[in-house]
Amino acid sequence: MTDIIAGVEIPETSAVAQATEFIEDRTSTLIFHHSWRVFLFATLHAPAFDLRPDPELLYISALFHDVGLVLPFSATQQRFELDGADHARKFLLDRGFSEKAADVVWRAIALHTTPGIPGRMEPEVAATNFGVLTDAVGWGLDKLESDRLDEIVAAHPRGDFKEQFLQVFVDVLRDRPDTTYGTVNADGLEHFVPDFRRTSMVHRIMDSPWPR
């Protein structure tokens, strides 16, 4: 029997099952439930924007979108979004997905915290961003039916999401502060880490080796 949550059918494919196991085994309960909620919210928002994302690719985008917060992809420090995108791309290519499909998922994850741009891209990229915005900052909650919201939160509880999620950001990014330049990720360090100094485009231009 197909699993359905809040009217959303969960794709029944081998990749979906393996992605679920991968994320559940390697991330925290907080990230696991958050990622599920992102998929459900993304799917519910899609029709209002005339989006028809591939459910399997959208699911994998949502499940992997924050994996970079717990699983750095390499010794090279990079934005956590890129770590997650790289993990997802490898996951798909290892299972025979096309380069095109893997690249769409890569973009969905790499851009999920970037304002403005995802909504102009492929359906999976746009929908993933909408789902993230809904669960993180409450974007579009007023457009969703209350009974569906209740069902989603019952299936994948938020718990003390606000404080715990922000703490994850600080714990992970305080050791790689340079990766937060030009992103919303710097907000967390600026708020919670007393000695953090946000680098700005102005600083970089004024401190450059050019004489004027």
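First, a word on what this report is: a plain description of the structure on this page. From a predicted model like this one, the values you see are computed outputs, not experimental measurements. (Residues numbered from 1 in each chain as written. Predicted model: local features only at pLDDT ≥ 70, side-chain atom pairs only at ≥ 80, totals over all residues. Heavy atoms only, no water.)

**What about helix α6 (residues 123–137)?**
So the rule is basically this: In DSSP terms, a helix is any run of H or I states spanning at least four residues, a strand is any run of E spanning at least two, and both are numbered starting from the N terminus. By definition here, a helix of n residues has an expected span of 1.5 Å times n minus one. Three labels apply to residues, based on accessible area from a 1.4 Å probe with only protein chains included: buried if under 20% of the type maximum, exposed if over 50%, partly exposed otherwise in between. The criterion used for residue contact is that any of the two residues' heavy atoms lie within 4.5 Å.
Its 15 residues give α6 an end-to-end C-alpha distance of 21 Å, which sits within 8% of 21 Å, the value for a rise of 1.5 Å per residue. The buried fraction of α6 is high, at 11 of 15 residues. Residues of α6 that are buried: Glu124, Val125, Ala126, Ala127, Thr128, Asn129, Phe130, Gly131, Val132, Thr134 and Asp135. Where α6 is buried, its residues meet α2 (29–45), α3 (55–64), α5 (99–110) and α8 (161–173). Count one or two residues on from α6 and you reach Gly138, which has phi positive near 80°.

**Describing the packing of aromatic side chains**
The cut-off we apply is this: Two aromatic rings, drawn from Phe, Tyr or Trp (for Trp, its six-membered ring), form a pair once their centres lie within 6.5 Å of each other, and the interplanar angle then sorts them: stacked below 30 degrees, edge-to-face above 60, tilted otherwise.
All told, the structure shown has 11 aromatic pairs when counted by the stated rule. Plain terms: the ring middles of Phe64 and Phe91 are 5.0 Å apart, the flat faces sit at 50° to each other, and that makes the pair tilted. Here Phe91 lies in helix α4 (residues 80–94) and Phe64 lies in helix α3, a separation of 27 residues in the sequence. For the ring pair Phe165 and Phe169, a centre distance of 5.1 Å and an interplane angle of 65° mean the geometry is edge-to-face. Here the residue Phe165 and the residue Phe169 both occupy positions in helix α8, the gap between them amounting to four residues, near one helical turn. With respect to class, Phe165 is no different from Phe169; both count as buried.

**What about the nonpolar core?**
Filter applied, for reference: Buried Ala, Val, Leu, Ile, Met, Phe, Trp, Tyr and Cys residues form a nonpolar core when they are joined through side-chain atoms within 4.5 Å.
Counting residues in hydrophobic clusters, the biggest one holds 44 residues, and the most contacted among them are Trp36, Phe39, Leu40, Tyr59, Ile60 and Phe64. Residue assignment for this core shows that the elements contributing at least two residues are α1 (14–26), α2, α3, α4, α5, α6 and α7 (146–155). Every residue in contact with Phe64, bar those within four places of it in the chain, is listed here: Ala19, Phe22, Ile23, Gly84, His87, Ala88, Phe91 and Ile109. In terms of nonpolar packing, the next biggest core, distinct from the first, is built from 15 residues, Phe165, Phe169, Leu189 and Val193 among them.

**Some points on the pattern of salt bridges**
Going by this rule: We define a salt bridge as a side-chain nitrogen of Lys or Arg found within 4 Å of a carboxyl oxygen belonging to Asp or Glu.
Going through the model one piece at a time under the given rule, you end up with 13 salt bridges. Arg79 serves as the salt-bridge partner of Glu81, at 3.1 Å between the closest nitrogen and oxygen. One connected set of salt bridges, linked through shared partners, spans Arg37, Asp135 and Arg158.

**Topic: the packing of α2 against α7**
As a reminder, the rule being used: Here, axes are lines fitted to C-alpha atoms. For helices the fit covers the stretch in contact, and angles between N-to-C directions go from 0 to 180 degrees. Here is the rule for angles: anything less than 35 degrees is roughly parallel, anything more than 145 is roughly antiparallel, 65 through 115 is roughly perpendicular, and the remaining ranges are oblique. Two helices cross in a left-handed way if the nearer one is turned anticlockwise from the farther one by less than a right angle. They cross in a right-handed way if the turn is clockwise.
In contact at an axis separation of 10 Å, α2 and α7 are set at 155° when each is read in the N-to-C sense. For the element pair α2 / α7, the angle class is roughly antiparallel. Between α2 and α7 the crossing geometry is right-handed. Here His33, Arg37, Leu40, Phe41 and Leu44 of α2 lie close against α7, whose contacting residues are Arg148, Leu149, Ile152 and Ala155.

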